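Examination of the molecular architecture
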Amino acid sequence: MKDKSKPMPAARSGGGDEIATIEAAIVALRRSYRRRAISRLSHRRGERAGRVGALPDAVFELLDAIATADDRALAVTEAAVVLDVDQPRVSRLAAQAVEAGLVQRTADQHDGRRSLLVLTPQGRDALTRVRAFRQRVIAEAMKDWTVTERAALADLLTRFVRDFAALTRPDPGDT
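Residues numbered from 1 in each chain as written. Predicted model: local features only at pLDDT ≥ 70, side-chain atom pairs only at ≥ 80, totals over all residues. Heavy atoms only, no water.

This brings us to the overall build of the protein chain. Each helix and strand counted, the protein chain has eight helices and three strands in total. Along the protein chain, helices (α) and strands (β) appear in the sequence α-α-α-α-β-α-α-β-β-α-α when read from the amino end. Here the protein chain holds 175 residues, and 26% of them are scored as buried. Of the contacts made within the protein chain by residues no fewer than 6 positions apart, 48% connect residues no fewer than 24 positions apart. Counting every atom, the protein chain has about 12,700 Å² of accessible surface; 57% of that belongs to carbon and sulfur. (Helix = DSSP H or I, 4+ residues; strand = E, 2+ residues; numbered from the N terminus. Buried < 20%, exposed > 50% of the residue type's maximum accessible area, 1.4 Å probe, protein only. Contact = heavy atoms within 4.5 Å. Areas by Shrake-Rupley, 256 points an atom, 1.4 Å probe, with all protein chains shown as cover.)

See the structure below:
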């Protein structure tokens, strides 16, 4: 199915038009993410095979969250915050990941009521394959870009994400 959305306006300097262009690009990326465009592409290209490939995308989002937790175990409650879903949803995702051998549940040594999630070697391998596929898709989308253009996007996008996260970080009292 072709993307029928309107093309994004070209950026123009001055007057804030570039901000509107950036906002339109972010909305387009969000829509693509919500439509699970990369996931569908991975299915079409035969990248999602076997028992692990049949798992829902949200399980791989959980693996990403665990992997980015500074190489420490991640509590189910922390994963719920990172993924912006409720705790029962994360518990169900964790159960699927445990059953597939991608995650191991361990007891928190400091609080026996908490369950910690740790990637297994199989989980790290699955996540490595998912990330490699995403990187191949990005490289393919940018195949006609110069090294300088790719480097500029990498630098500026990283800076934007950092600054945007700092601006939108919830206040301690927010729910």
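Assignment of secondary structure puts Ser42 in helix 2 (residues 37-44). The exposure class of Ser42 is buried, given its relative accessible area of 4%. Apart from the residues within four sequence positions on either side, Ser42 is in contact with Glu47, Arg48 and Phe133.

The sheet built from three strands is open, its strands ordered 1-3-2 with antiparallel pairing. Two strands in the sheet have a free side with no partner beyond their single neighbour: strand 1 (74-75) and strand 2 (103-107). Where helix 6 (residues 87-99) meets the sheet, it contacts strand 2 and strand 3 (115-119), and its direction lies at approximately 115° from that of strand 2. (Pairing = 2+ DSSP bridges. Axes fitted to C-alpha atoms, helices over the stretch in contact; angles between N-to-C directions.)

Turning to the nonpolar core, a few remarks are in order. Core analysis: the biggest nonpolar cluster contains 27 residues, and Leu62, Leu102 and Val103 have the highest contact counts within it. Within the residue set of this core, elements represented by two or more residues are helix 4 (57-67), helix 5 (76-83), helix 6, strand 3 and helix 7 (121-141). By residue number, the principal contributor to this core is helix 4, which donates eight residues. Excluding its chain neighbours within four sequence positions, the residues that come into contact with Leu62 are Ala79, Leu83, Val90, Leu93, Ala94 and Leu117. (Core = buried A, V, L, I, M, F, W, Y, C linked by side-chain atoms within 4.5 Å.)

Close contact between helix 2 and helix 7 brings their axes to 11 Å; oriented N to C, the two are set at 100°. Judged on the interaxial angle alone, helix 7 and helix 2 are roughly perpendicular. Residues Ile38, Leu41 and Ser42 of helix 2 lie in contact with helix 7, whose contacting residues are Phe133, Arg134 and Val137. Of the residues that constitute the contact of helix 2 with helix 7, the class distribution is four nonpolar, one polar and one charged. (Parallel < 35°, antiparallel > 145°, perpendicular 65-115°, else oblique. Nonpolar A, V, L, I, M, F, W, Y, C, P; charged D, E, K, R; others polar.)

This part covers the packing of aromatic side chains. The tally for this structure, following the rule as stated, stands at one aromatic pair. Relative to Phe164, the ring of Phe160 lies with its centre 5.5 Å away and its plane at 25°, an arrangement referred to as stacked. With a gap of four residues between them, Phe160 and Phe164 both fall in helix 8 (residues 147-168), about one helical turn apart. Given a relative accessible area of 34%, Phe160 falls into the partly exposed group. The side chain of Arg36 reaches across the aromatic face of Tyr33, ending 5.5 Å from its centre. (Phe/Tyr/Trp six-rings, centres within 6.5 Å; stacked < 30°, edge-to-face > 60°. Lys NZ or Arg CZ within 6 Å of the ring centre and 35° of its normal.)

The topology assignment puts Thr168 in helix 8. On the basis of relative accessible area, Thr168 is assigned to the partly exposed category, the value being 44%. Separated by 2.8 Å, the side chain of Thr168 and the backbone oxygen of Phe164 make a polar contact. (Polar contact = N/O pair within 3.5 Å; in protein donor to acceptor, adjacent residues only side chain to side chain.)

Nothing here speaks to function; it is all geometry.
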